[in-house]
Amino acid sequence: MGLVVQKYGGSSVSDAEGIKRVAKRIVDAKKNGNQVVVVVSAMGDTTDELIDLAGQVSPIPAGREFDMLLTAGERISMALLAMAIKNLGHEAQSFTGSQAGVITDSVHNKARIIDVTPGRIRTALDEGNIAIVAGFQGVSQDKKDITTLGRGGSDTTAVALAAALDAEVCEIYTDVDGVFTADPRVVTKARKIDWISFEDMLELAASGSKVLLHRCVEYARRYNIPIHVRSSFSGLRGTWVSNEPQGDQKVEHAIISGVAHDVSEAKITVVGVPDKPGEAAAIFRTIANAEVNIDMVVQNVSAASTGLTDISFTLPKAEGRKAIDALERNRGTIGFESLRYDDQIAKISLVGAGMKTNPGVTAAFFEALSDAGVNIELISTSEIRISVVTRADDVIEAVRAVHTAFGLDSDSDEAVVYGGTGR
Ligand code: ADP
Ligand code: ASP
Ligand code: MG
């Protein structure tokens, strides 16, 4: 008997009908002779609604209570899903992340999984149950507080459980037919990818393709768990993400795997920083102490007359306030003139292992943006990725232009988006 882990995202369980539809799929997997563990997200946009609600009672809610609040979303869907499965005549039990043995560090709102001890899940399976686990949450090892894994964290719960239970595959069910060459909500001519390497998927996820969370892909690569991303609305085969293609999984020999975009970041410019050793270190130590993750960094050439320079960096919008407050508090010791905060930016990234050996990709990328009249504000690269920051208003046009320029447009069907609000 095989063991499969299936994860259903919020858009797949957005209402009672969705929950009943998903319950049927789960029962089918069980009827096919599998032991089934299901990880479920909060219904629809519940998490966003809870975040909004928290903001109405406190501008900067305490991390511990914020996590306690957000985990309620997944508790609702796990219990309803277990009820719907029982209604179909099959045994199911729901478990919180803590009950399922998801042990994390104690960084609230973005905890990391450090161990998974799924004893209760094993027992539930051995007794013939379908086990339903609340995604996106765990319990901290030292303080025993409830934690959350960061937005989209149910993907990571699913892969972590798949690894701990030695599952054959981790199926991620969502509202599109798989991983596409660009977000199908933006590029209707995006093509579904049959197979993609962990390496390319990691870069796409890190660059904003939220169909899979970056940490989930990292985890899957570390434990070598193949992921199958597919739609919970259609019966179609989706995208396989793994080290090596298996069986009939088609490998595209394209230089570029896809185009990702991200509008969740903001840019902070520290203006008038003395151009001397230790300044950048002081700025980024301050940011690190505030537990804020940064993405791109650019330092301008200093003006010879003043000896002052500007340093810009990007970070998640959700952490903008925290970063600004931390810098302001340390203004005296760091020494800078002012801070500028800009949340009207977008990041566009081109990803593909083939770019290592193909000169001219960067030039073609910049030409496509320039032909579309898009101005570039920041640039960063890795061996298999080029990213630029542009104005948020330009993002859709820029993604489409780059997708077309690299020959990624599909000439057959239009990509289908079955549900969700894209929020
Ligand atoms: P879920 O609720 O299932 O977790 P998400 O909203 O987190 O779903 O992720 C699915 C969404 O990811 C899709 O609806 C799509 O808009 C977006 N997306 C972004 N980039 C891609 C891509 N390259 N391929 C497929 N979907 C993508
Ligand atoms: N419900 C959480 C979120 O919206 C986790 C998830 O869906 O993966 O971010
Ligand atoms: Mg998701």
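Numbering of residues starts from 1 in every chain and runs along the sequence as written. Chains and ligands are labelled sequentially in the order written, the chains with letters from A and the ligands with numbers from 1. Residues qualify for local features only when their pLDDT is at least 70, as the model is predicted, and side-chain atom pairs are given and counted only at 80 or more; totals for whole chains, interfaces and linings, by contrast, use all residues. With hydrogens and water excluded, all non-hydrogen atoms of the structure serve as input to the side-chain values.

What about the overall build of the protein chain?
Looking only at helices and strands, the protein chain features 12 helices and 20 strands. Its C-alpha radius of gyration of 22 Å places the protein chain within 12% of the 22 Å reference for a compact globule of 423 residues. In terms of overall dimensions, the protein chain has a C-alpha envelope of 80 × 50 × 35 Å along the principal axes. Contact between two residues is taken to exist if any of their heavy atoms lie within 4.5 Å; hydrogens are not considered. For the protein chain, the proportion of contacts with a sequence separation of at least 24, taken over those separated by at least 6, is 75%. Accessible surface for the protein chain amounts to roughly 18700 Å². Of this, 49% is attributable to carbon and sulfur atoms. Helix and strand definitions here come from DSSP, where helices need a minimum of 4 consecutive H or I residues and strands a minimum of 2 consecutive E residues; each element is numbered from the N-terminal end. C-alpha atoms define the radius of gyration in this analysis, and the globule rule sets the expected value at 2.2 Å times the number of residues to the power 0.38. Areas reported as accessible are Shrake-Rupley estimates using a 1.4 Å probe. Residue values count occlusion only from the protein chains shown.

Remarks on the side chain of Glu171
Mapped onto the elements of the fold, Glu171 is located in strand β9 (residues 169-174). With residues near it in sequence (within four places) discarded, Glu171 still touches Val5, Gln6, Lys7, His228 and Arg230.

Notes on the site of ligand 1
Residues are labelled near a given molecule or strand when at least one of their non-hydrogen atoms is within 4 Å of it. Close contacts around ligand 1 come from 18 residues, with Thr174, Asp175, Phe180, Asp183 and Arg185 the closest. Residue Ser11 places a side-chain N or O atom 3.4 Å away from an oxygen atom belonging to ligand 1. Pairing of N or O atoms within 3.5 Å defines a polar contact, subject to two protein rules: one partner must be a possible hydrogen donor and the other a possible acceptor, and residues neighboring in sequence count only if both atoms are side-chain atoms. The separation between an oxygen atom of ligand 1 and a polar side-chain atom of Lys210 is 3.1 Å. Protein chains shield 90% of the accessible area of ligand 1, which is 570 Å² for the free molecule. Think of it as three bins: nonpolar holds Ala, Val, Leu, Ile, Met, Phe, Trp, Tyr, Cys and Pro, charged holds Asp, Glu, Lys and Arg, and polar takes everything else, Gly as well. In the shell around ligand 1, the residues fall into 7 nonpolar, 6 polar and 5 charged.

Considering the layout of surface pockets
A 1.4 Å probe that fits into a set of points on a 1 Å grid over the protein atoms alone but cannot get out defines a cavity; an open set with protein on both sides within 12 Å along at least five of seven lines defines a pocket, and lining residues are those with an atom within 4 Å of a point. Grid points are joined across faces, edges and corners, and a volume is the space filled by probe spheres set on the points. Put simply, the second largest pocket is a space of about 360 Å³. Taken together, 17 residues form the lining of the second largest pocket, with Phe180, Arg191, Lys192, Ser412 and Asp413 sitting closest to its centre. Its residues assigned to classes, the lining of the second largest pocket comprises 6 nonpolar, 2 polar and 9 charged.

A short note on the packing of aromatic side chains
Any two of the Phe, Tyr and Trp rings considered here, Trp counted by its six-membered ring, make a pair once their centres fall within 6.5 Å; the pair's planes then place it as stacked at under 30 degrees, edge-to-face at over 60, or tilted in between. In this structure the tally under the stated criterion is 5 aromatic pairs. Judged by centre distance (5.8 Å) and plane angle (35 degrees), the rings of Phe365 and Phe366 are tilted. Between buried and exposed lies partly exposed: a residue is buried under 20% and exposed over 50% of the maximum accessible area for its type, with that area taken using a 1.4 Å probe on protein chains only. The exposure class assigned to Phe366 is partly exposed, which follows from its relative accessible area of 24%. Note on geometry: a ring has a charge over it if NZ (lysine) or CZ (arginine) is within 6 Å of the ring centre and within 35 degrees of the ring normal. When the ring centre of Tyr219 is taken as origin, the NZ or CZ atom of Arg222, which lies over that ring, is 5.3 Å away.

Here we look at the nonpolar core
Buried residues of nine kinds, namely Ala, Val, Leu, Ile, Met, Phe, Trp, Tyr and Cys, make up a nonpolar core once their side-chain atoms join them within 4.5 Å. Ranked by internal contacts, the top residues of the largest apolar core, which has 45 residues, are Val5, Val37, Ile121, Met201, Leu212 and Ile227. Examining the composition of this core, we find that 6 residues originate from one element, helix α5 (residues 154-164), more than from any other. Discounting residues that sit within four places of it in the chain, Val5 has contacts with Val37, Val39, Ala158, Leu161, Ala162, Ala167, Val169, Cys170 and Glu171.

Regarding the pattern of salt bridges
Salt bridges are defined by distance alone: a side-chain nitrogen of Lys or Arg within 4 Å of a carboxyl oxygen of Asp or Glu. One pass over the full model with this rule turns up 21 salt bridges. Linking Asp175 and Arg185 is a salt bridge whose minimum nitrogen-to-oxygen distance equals 2.8 Å. Pair noted here: Asp175 is in the loop between β9 and β10 (195-197) and Arg185 is in the loop between β9 and β10, with a separation of 10 residues, a long-range link. On the basis of relative accessible area, Asp175 is assigned to the buried category, the value being 9%. The partner of Arg391 in a salt bridge is Asp342, with the nearest N and O atoms 2.5 Å apart. Pair noted here: Arg391 is in strand β20 (residues 385-391) and Asp342 is in strand β17 (residues 338-342), with a separation of 49 residues, a long-range link. Among the residues examined, Asp342 registers a relative accessible area of 19% and is labelled buried.

Points about the site of ligand 2
Taken together, Ser41, Ala42, Thr47, Glu74, Phe136, Arg151, Gly152, Gly153 and Ser154 form the complete shell of residues around ligand 2. A distance of 2.7 Å separates a nitrogen atom of ligand 2 from a polar side-chain atom of Glu74. One of the backbone N or O atoms of Ser154 is found 3.0 Å from an oxygen atom in ligand 2. Notes on ligand 2: free accessible area 260 Å², of which the protein chains cover 87%.

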